[in-house]
Amino acid sequence: MATIESEFLSFSISKLEELTNRIEICISKLTPEQVWTRGGEQQNAAGNLLLHLNGNVRQWIVSGLCGAADRRQRDLEFSERAVLPPAELVSRLRETVTEAVAVLRTLSADQLIEPVRIQGYEGTKLTAIYHVIEHFAGHAFQIFLLTKFLTDEDLGFYAHLSGAKAAPAATP
């Protein structure tokens with residue numbers, strides 16, 4: 001029987017996995033140069049967003065909820081200008097999301113209301129998870145928009161609603 005907490009955790013896991021798959025589809029459509037393209041110094045390249053999502057999920061869930069060492073260097077996520085291979089960026093993100101999902105699968109209802117302090121913010125494990133999903137979605141949508149802008153292609157995520165061919169699923 002589903003409970004509110006099991007539904008919350010299940011939906012959170014589903015969203016992380018779905019958005020990660022969609023990010024992989026986007027990155028596969030871009031050249032390495034496009035992954036690191038930025039319109040100006042105050043804009044992020046998709047590569048920086050991948051580094052940032054990886055850092056955020058690792059800090060807030062893997063470290064913040066599970067107690068793993070937090071070695072995040074947030075500023076470097078945005079200042080990176082080296083052309084790291086897109087496949088490496090996606091692989092890192094996939095690995096971190098897989099670790100985060102494993103953490104989420106272990107949480108009980110009582111643990112969801114345990115207090116945590118992450119990045120100077122006070123809350124509960126539930127609010128930390130909510131933050132990560134919201135944050136992940138926001139930056140994923142930026143990657144989607146960048147991909148559409150750079151490729152001038154429909155990403156096919158909602159093709160099933162119009163009868164058009166759906167985008168192929170990304171392989172992990």
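All figures in this text were calculated on a predicted structure; none of them were measured in a lab. (Residues numbered from 1 in each chain as written. Predicted model: local features only at pLDDT ≥ 70, side-chain atom pairs only at ≥ 80, totals over all residues. Heavy atoms only, no water.)

Q: Looking at this structure, I do not really get the pattern of salt bridges. What am I missing?
A: Enumeration over the complete set of coordinates arrives at 11 salt bridges. A salt bridge links Lys-29 to Glu-153, with the nearest nitrogen and oxygen atoms 3.1 Å apart. Of this pair, Lys-29 sits in helix α1 (residues 4–29) while Glu-153 is found in the segment after α7 (125–151), placing the two residues 124 residues apart along the sequence. Exposure remark for Lys-29: the relative accessible area of 28% places this residue in the partly exposed category. Glu-88 is paired through a salt bridge with Arg-92; the nearest N and O atoms lie 2.5 Å apart. Note that Glu-88 and Arg-92 are positioned in helix α5 (residues 86–106) at a spacing of four residues, about one turn of the helix. Each of Lys-15, Glu-18 and Arg-22 takes part in one network of salt bridges that share partners. (Salt bridge = Lys/Arg side-chain N within 4 Å of Asp/Glu carboxyl O. Helix = DSSP H or I, 4+ residues; strand = E, 2+ residues; numbered from the N terminus. Buried < 20%, exposed > 50% of the residue type's maximum accessible area, 1.4 Å probe, protein only.)

Q: It is not clear to me how the packing of helix α3 (residues 46–63) against α7 should be interpreted in this structure. Could you clarify?
A: Helix-helix packing is characterised by the crossing angle of the two axes and by the distance between the axes. Between α3 and α7, whose axes approach to 10 Å, the crossing angle comes to 170 degrees. Looking at the two axes, α3 sits roughly antiparallel to α7. For the pair formed by α3 and α7, the contact residues are Ala-46, Leu-49, Leu-50, His-52, Leu-53, Asn-56, Val-57, Trp-60 and Ile-61 on the first element and Ala-128, His-131, Val-132, His-135, Phe-136, His-139, Ala-140, Gln-142, Ile-143 and Leu-146 on the second. The residue inventory of the contact of α3 with α7, partitioned by class, reads 13 nonpolar, six polar and no charged. (Axes fitted to C-alpha atoms, helices over the stretch in contact; angles between N-to-C directions. Parallel < 35°, antiparallel > 145°, perpendicular 65-115°, else oblique. Contact = heavy atoms within 4.5 Å. Nonpolar A, V, L, I, M, F, W, Y, C, P; charged D, E, K, R; others polar.)

Q: It is not clear to me how the side chain of Arg-72 should be interpreted in this structure. Could you clarify?
A: With respect to the secondary-structure elements, Arg-72 resides in the loop between α3 and α4 (74–79). Side chain to side chain, Arg-72 and His-52 meet in a polar contact 3.2 Å long. Side-chain polar atoms of Arg-72 contact the side chain of Glu-77, separated by 2.7 Å. (Polar contact = N/O pair within 3.5 Å; in protein donor to acceptor, adjacent residues only side chain to side chain.)

Q: Can you help me understand the pairing of strand β2 (residues 121–124) in this one?
A: When a strand is regular, its side chains alternate between the sheet's two faces. Across four bridges, strand β1 (residues 115–118) lies against β2 in antiparallel orientation. Note on β2: the bridge partner recorded for Arg-117 is Glu-122. Counting the residues in the hairpin turn of β1 and β2 gives two residues, including Gln-119, whose phi is positive at 55 degrees. (Pairing = 2+ DSSP bridges.)

Q: Sorry if this is basic, but what is going on with the packing of aromatic side chains here?
A: In this description, an aromatic ring pair is defined by two values, namely the gap between the centres and the angle between the planes. One pass over the full model with this rule turns up three aromatic pairs. Look at Phe-141 and Phe-144: their rings are 5.4 Å apart centre to centre, the planes differ by 80 degrees, and that puts the pair in the edge-to-face class. Note that Phe-141 and Phe-144 are positioned in helix α7 at a spacing of three residues, about one turn of the helix. Classification of Phe-141 by relative accessible area gives partly exposed; the value is 45%. Joined through ring pairs, the aromatic side chains of Phe-141, Phe-144 and Phe-157 make up one cluster. (Phe/Tyr/Trp six-rings, centres within 6.5 Å; stacked < 30°, edge-to-face > 60°.)

Q: I would appreciate a short explanation of the packing of α1 against α7 in the present structure.
A: Between α1 and α7, the least distance of the axes is 9 Å, while the angle of their chain directions is 20 degrees. With respect to α7, the element α1 is oriented roughly parallel. For the crossing formed where α1 meets α7, the hand is left-handed. Each of Phe-8, Leu-9, Ser-12, Lys-15, Leu-16, Leu-19, Thr-20, Arg-22, Ile-23, Cys-26, Ile-27 and Lys-29 in α1 lies in contact with α7, whose residues at this interface are Leu-126, Ile-129, Tyr-130, Val-132, Ile-133, Phe-136, Ala-137, Ala-140, Ile-143, Phe-144, Thr-147 and Thr-151. Broken down by class, the residue content of the contact of α1 with α7 amounts to 17 nonpolar, four polar and three charged. (Left-handed = near helix turned anticlockwise from the far one by under 90°.)

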